[in-house]
Amino acid sequence: MRLHFNAYLATSLVISSSLYHVTADSTTTSIRGTRSASQTSSMEENLLTSNTRFLIPKERRLLPHEGVMRTIIIRVTDGEGKQPITDARRESDTWFGTHGLALAGNLNSLTGLYEQCSGGKLSFVPSTGPGVVDGVLELAVSQNMTGLHVSTAGQIARNEFNLLNQNLGIEFDNYSIICPYGVKGSGGLAQTRGNHQFYAGGADRSLELVMHEFGHTLGFHHSGLPNEGDYDDNSCMMGCCAGAQQMCFNAAKSWYSGWYTEGHVMLNHLSTPGQWGKVNLVGIDDYLRGVFGESNSFVANIGGGLFMVFNRKKGINSGVKAYGDEVVIVQQWGEGGRSKVLAHLANNESNRRVEFNRIQLYTDFDIAIEVCNIVFAPVVTGPQIDVTDGLATQSSTAAGAEATRAIDGNLDQSWLGGSVTHTSGDEEDLDPWWELSLVEAQQVQHVRIFNRNDCCGSRLNNAILELYNDEGELTYRHNLGAAEDIKEVRLGENYLVSRVKIQLLGYKVLSLAEVQLFAPSQLRQEPDYASVLVSISDGSGSQEAITCDSTMAPSISLSPSSSPTTSHTPTVYTAVPKDVVLLRDDVPCVFQSNPSQHPDRFKCTIQPTTASDEPGDYGNAPVGLKGKDGCLLFVSPVTWSWAGTAFVFESSASLEAINNCFAAGVLLSEMLVVTDSPTSAPFSSPTNNPSVTPSLVPSSAPTN
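Residues numbered from 1 in each chain as written. Predicted model: local features only at pLDDT ≥ 70, side-chain atom pairs only at ≥ 80, totals over all residues. Heavy atoms only, no water.

### Side note on the nonpolar core
The biggest cluster of nonpolar side chains holds 56 residues, and the ones touching the most others in it are W95, L110, Y114, Y199, M211, F214 and F249. Considering each element in turn, this core owes the most residues, five residues, to helix α5 (residues 207-217). Beyond its immediate chain neighbours, meaning those up to four positions away, Y114 contacts L122, F124, M211, F214, G215, L218, F249 and W259. Formed by 30 residues, the second largest nonpolar core is a distinct cluster that contains I385, L438, Y476 and V515. (Core = buried A, V, L, I, M, F, W, Y, C linked by side-chain atoms within 4.5 Å. Buried < 20%, exposed > 50% of the residue type's maximum accessible area, 1.4 Å probe, protein only. Helix = DSSP H or I, 4+ residues; strand = E, 2+ residues; numbered from the N terminus. Contact = heavy atoms within 4.5 Å.)

In structure tokens form, the structure reads like this:
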């Protein structure tokens, strides 16, 4: 949870000292990001052993990926009185959102965006101590810094602060030094896997750049495109660009961050020609909101340095600057390596498959990756809760725009429609809020917020939604991120709610057109996902290509033995056709006895989808379908989606078992089923013909 601090004080303590100049052994710089760390001088080594309060000792210099990191901003004034371009209040707002982003003018703060991307696992909060105001310390040095490079100026400031801090005793995990105007360099410089950054030339105004530099302190290197340098991966904060304020990191950085381990899937065990595996990848927003199941993953480690995500453009990732709603494949060697975008695949014939050869992968096999399908799940919403008898209040009111307008049932989002709330926005209304107290506590699963849409919609950027239970306890708090015309907030689980609060931080105007609450639905919200096939070949061109169509049903792919004399082609079963979504409606499945002179069968009605009368006959090979709570039933399909609304099949299971597994609101997902045993190819010698051992390749690969 982010911490909100009081408004910046009118005055601040300026710390000064005599100059103590230290020359670094070696320095490499970059105006956009770090290249390498500078060496610690012998003076610093002595200070480290004498007093550890002023500077984190060496064994703690690696910034962890999780936890609450105390951070201090050191704002430097040089001997000529030159100061940084950006004032302290704005810097604090950019780092910590201490002024509700009203001064920084950003969509997010550094800590807000890292909290969102990490799922609340990493946060940066202001350090406190003598002279520190909202995380900022003013430091005056005696030397003129004009013409010095940012790395040299930063080291001077750091060393002076270290000397002073032996007495001040300010504790911190991470520090950011803002150099004065006139220092060479117009960007940031960070120590990879260190605990600090240096900024010059107003670079600290840019949230995107600050986010990037802090990424270096976490150990992330740059991300670019093949043959185009270290940058320009605009799907990742380590390669992106101006305006990147509502997005996170690419597949490789996400894997190594450790923030999403429950969504990891390992495919690097695929190494023999003929092997393949399928994964269903969800986007980061669904993953972090808990909208995913056992058959879903977030990030895949394929081997050959390849990592893969479904770059779903919504929620936390709604501001991603490239490859939105595509499967993005990057290559990175090792945890701290540079990454390159090698491919981005969509659900269309011209851009759904890519092949990588062994030279690219440093392997003795080739890898093909194909997008089989991208599914945008239907939105599930329960019944709307009547809140018109609740008590709506707000922090202030302007132009008669009372808080009750947001629960009057009028969905007109324009000011002239007379149904939009409005707070005063004056100096007496810091951190404006709107609240709704319900007559009785209600179970809530979904909140819908209507924004004003005739102007000023950006006012709702980074609004905070809070829910309180019937005992007044805060049970849910969420930064809503980028403002939208209508914001759908799916809570991921059910909350008992007696009070709803929406708040902005800073001196701002809060306007709402309508706020709606929805009770839990009997239908489960399914994630959006990309179904992706990864297959291995020998690169000779003689092997028949493994495709989505040829792998629709088998549950295992049989690996050939080390001898080239044995081969196997898996039996292909009929499986769920492309674009057919088996999402159950709320009508129970039925057993049909001898319908119209046809064999006995079952029918389950489904929500409208693409019509398919395949396979169209009886006695078909069984297909495993996964239903409620991971249950598995094998059925023989008759028609997958008759008229787009009915799934007809044969099964030995009872009607009760079918209704328990294929329950209302459940998305039935295909499981792979066992193929026939392999046969041996002709062999010149009748003896020592090797056996073939099946190699399991499940739809969701092992996580060990």
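What follows continues from the structure just given.
### Description of the state of the cysteines
Note: disulfide means a covalent bond formed between the sulfur atoms of two cysteine side chains. With the rule as written, the count across this model stands at six disulfides. Between the sulfur atoms of C117 and its disulfide mate C248 the distance is 2.0 Å. As the torsion about the S-S bond is roughly -90°, the C117-C248 disulfide counts as left-handed. With C117 in helix α3 (residues 110-117) and C248 in the loop between β9 (223-224) and α6 (251-257), this residue pair connects regions lying 131 residues apart in the sequence. (Disulfide = S-S within 2.5 Å.)

### Considerations on the packing of α3 against α5
Running from N to C, α3 and α5 point in directions that differ by 60°, and their axes come no closer than 10 Å. The orientation of α3 with respect to α5, classified from their angle, is oblique. α5 is crossed by α3, and the crossing has right-handed handedness. Judged by residue contacts, L110, L113, Y114 and C117 of α3 engage L207, V210, M211, F214 and G215 from α5. Of the residues in the contact of α3 with α5, the class split is eight nonpolar, one polar and no charged. (Axes fitted to C-alpha atoms, helices over the stretch in contact; angles between N-to-C directions. Parallel < 35°, antiparallel > 145°, perpendicular 65-115°, else oblique. Left-handed = near helix turned anticlockwise from the far one by under 90°. Nonpolar A, V, L, I, M, F, W, Y, C, P; charged D, E, K, R; others polar.)

### Some words on α3
The buried count for α3 comes to eight of eight residues, which makes it a mostly enclosed element. Taken as a whole, α3 has its buried residues at L110, T111, G112, L113, Y114, E115, Q116 and C117. Summarising the contacts, the buried residues of α3 are in contact with α2 (88-96), β3 (122-126), α5, α7 (284-288) and β23 (474-479). Directly beyond the C-terminal end of α3, a positive phi value near 65° is found at G119.

### Section: the environment of G627
With respect to the helices, strands and loops of the structure, G627 is situated in the loop between β31 (623-626) and β32 (632-642). The buried category is assigned to G627, whose relative accessible area is 11%. The sequence separation of G627 and S669 amounts to 42 residues, and the corresponding C-alpha distance is 6.9 Å. Ignoring anything within four residues of it in the chain, the contact list for G627 reads C661, V666 and L668.

### Quick look at the sheet that holds strand β12 (residues 296-297)
With respect to topology, five strands assemble into an open sheet ordered β12-β11-β26-β18-β17, the strand pairing being mixed. Single-partner strands in this sheet number two, and they are β12 and β17 (353-356). With nine bridges joining them, strand β18 (residues 366-375) and strand β26 (residues 529-537) adopt antiparallel strand pairing. Bridged to I367 within β26 is I536. (Pairing = 2+ DSSP bridges.)

### Quick notes on the sheet that holds β9
An order of β9-β16-β15-β14-β13-β10 is seen for the six strands of this open sheet, with the pairing classed as mixed. Two strands in the sheet have a free side with no partner beyond their single neighbour: β9 and β10 (264-266). Bridging between β9 and strand β16 (residues 339-345) involves two bridges; their strand directions are parallel. Each bridged residue has a counterpart across the sheet, and for G224 the counterpart in β16 is K340.

### What to know about the environment of F124
Its location among the elements puts F124 in strand β3. Remark: the alpha-carbon pair of F124 and F96, spanning 28 residues in sequence, is separated by 7.2 Å.

### Brief notes about the packing of aromatic side chains
Taken as a whole and judged by the stated rule, the model has 24 aromatic pairs. Ring geometry for Y114 against F249: centres 6.1 Å apart, planes inclined by 35°, an arrangement best described as tilted. Of this pair, Y114 sits in helix α3 while F249 sits in the loop between β9 and α6, and the two are 135 residues apart along the sequence. Accessibility assignment for this pair places Y114 and F249 in one class, buried. R405 extends its terminal NZ or CZ atom over the ring of W415, reaching a point 5.6 Å from the ring centre. (Phe/Tyr/Trp six-rings, centres within 6.5 Å; stacked < 30°, edge-to-face > 60°. Lys NZ or Arg CZ within 6 Å of the ring centre and 35° of its normal.)

### Focus on the environment of N167
For N167, the position within the fold is in helix α4 (residues 150-168). With relative accessibility at 73%, the residue N167 sits in the exposed group. As a C-alpha pair, N167 and P130 span 37 residues in sequence and 9.9 Å in three-dimensional space.

### A word on the confidence of the model for the protein
As a note on interpretation, predicted positions should not be read in detail where pLDDT is low. Overall, the prediction assigns the protein a mean pLDDT of 81, with 83% of residues at 70 or greater. Low confidence marks residues 1-54, where pLDDT is under 50. Its contacts with residues over four positions away, or in another chain, come to 145 contacts. The model gives residues 553-574 a pLDDT under 50, and that stretch makes 81 contacts with residues more than four places away or in other chains. (pLDDT = per-residue confidence, 0-100.)

### A closer look at the side chain of S636
Here S636 lies in strand β32. At a separation of 2.9 Å, a polar atom in the side chain of S636 contacts the main-chain carbonyl oxygen of N620. Setting aside chain neighbours within four positions, we find S636 in contact with N620, A621, P622, F649 and E650. (Polar contact = N/O pair within 3.5 Å; in protein donor to acceptor, adjacent residues only side chain to side chain.)

### Some points on the pattern of salt bridges
Counted by the stated rule, this structure contains 24 salt bridges. R338 is the salt-bridge partner of D230, the closest N and O atoms lying 3.0 Å from each other. Of this pair, D230 sits in the loop between β9 and α6 while R338 sits in the loop between β15 (327-332) and β16, and the two are 108 residues apart along the sequence. D230 sits in the buried class, given a relative accessible area of 15%. Look at R338 and you get partly exposed, because its relative accessible area is 41%. E488 is the salt-bridge partner of R448, the closest N and O atoms lying 2.9 Å from each other. Highlighted residues: R448 in strand β21 (residues 433-450) and E488 in strand β24 (residues 486-503), separated in sequence by 40 residues. E488 gets classed as partly exposed once you look at its relative accessible area, which sits at 34%. Three or more residues are tied together by salt bridges with common partners; here these are D285, D286, R289, R312, K314, D325 and D528. (Salt bridge = Lys/Arg side-chain N within 4 Å of Asp/Glu carboxyl O.)

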